[in-house]
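# Close look at the chain arrangement
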Amino acid sequence: MIISGILTSFGVLIKMTDFLQDIHNCNVVELPKIHNRSGNLTFVQNGLHLPFEVKRVYYLYDVPGGSERGGHAHKTLHQLIVAASGAFDVILDDGVTKKIVQLNRPYYGLLLIPGIWRELMNFSSGAVCLVLASEKYNPDDYIRDYSVFKKFKNL
Ligand code: TYD
């Protein structure tokens, strides 16, 4: 079965990225875009576009200019972050290396693996940050202290 083959590959990918928790494994993926004169449409489907099954969706909106979000890492959570509207920057930090990813199109998504410290900033007016997550909300999965994060990374 093609689907189960894909899911098996995704499972292997998740296991591999759990070991290689560095920012080089956080990539921007292009999502399908259905053009239409009366508006475009993008979709994300389990088993097709993500290396995890989506268990939760949340979105940030009405972010005041100059505000920053994030400022934490996750122990096990995989996420896809999309600028569903507007633009913002995501600063990724694996404890050794940092990179900035600007998201500004609703058909691009940033895949975030566990063990990455992230900060979201420079939100444009009206920006909407859509997040698809691999697990239900669990406060115990958060690392909110940078020194604890460094210990988690054995640094
Ligand atoms: P948090 O993840 O800290 O937001 P950010 O990283 O954008 O600053 O979440 C903010 C608050 O919302 C916190 O009190 C937990 C709550 N929350 C939920 O109850 N469920 C969820 O799925 C999420 C993402 C947050």
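Below is a short write-up of the structure. What you are looking at is a predicted structure, and each value in this text was computed from that prediction instead of being measured.

Cut-off values and rules
- Residues numbered from 1 in each chain as written.
- Predicted model: local features only at pLDDT ≥ 70, side-chain atom pairs only at ≥ 80, totals over all residues.
- Heavy atoms only, no water.
- Helix = DSSP H or I, 4+ residues; strand = E, 2+ residues; numbered from the N terminus.
- Buried < 20%, exposed > 50% of the residue type's maximum accessible area, 1.4 Å probe, protein only.
- Contact = heavy atoms within 4.5 Å.
- Areas by Shrake-Rupley, 256 points an atom, 1.4 Å probe, with all protein chains shown as cover.
- Pairing = 2+ DSSP bridges.

A few words on the overall build of the chain. When you go through the chain residue by residue, the secondary structure sums to two helices and ten strands. Each helix and strand of the chain, ordered N terminal to C terminal, gives the series α-β-β-β-β-β-β-β-β-β-β-α. When burial is assessed residue by residue, the chain has 39% of its 155 residues classed as buried. In the chain, once contacts between residues fewer than 6 apart in sequence are set aside, the share between residues at least 24 apart is 79%. Carbon and sulfur atoms make up 55% of the accessible area of the chain, which totals about 8900 Å².

Below, the discussion takes up the sheet that holds strand S10 (residues 142–143). As summarised here, the arrangement of the five strands in space is S6-S5-S8-S3-S10, forming an open sheet in which the pairing is antiparallel. Edge strands, defined here as strands with exactly one partner in the open sheet, are strand S6 (98–103) and S10. By the bridge criterion, five bridges tie strand S5 (residues 88–93) to strand S8 (residues 117–121) in an arrangement that is antiparallel. In the strand pairing of S8, Val90 is matched with Leu120.

By the criterion of burial, strand S7 (residues 108–112) is predominantly enclosed, with four of the five residues buried. The pairing of strand S1 (residues 28–30) with S7 spans three bridges and is antiparallel. If you follow Glu30 over to S7, its bridge partner there is Tyr108.

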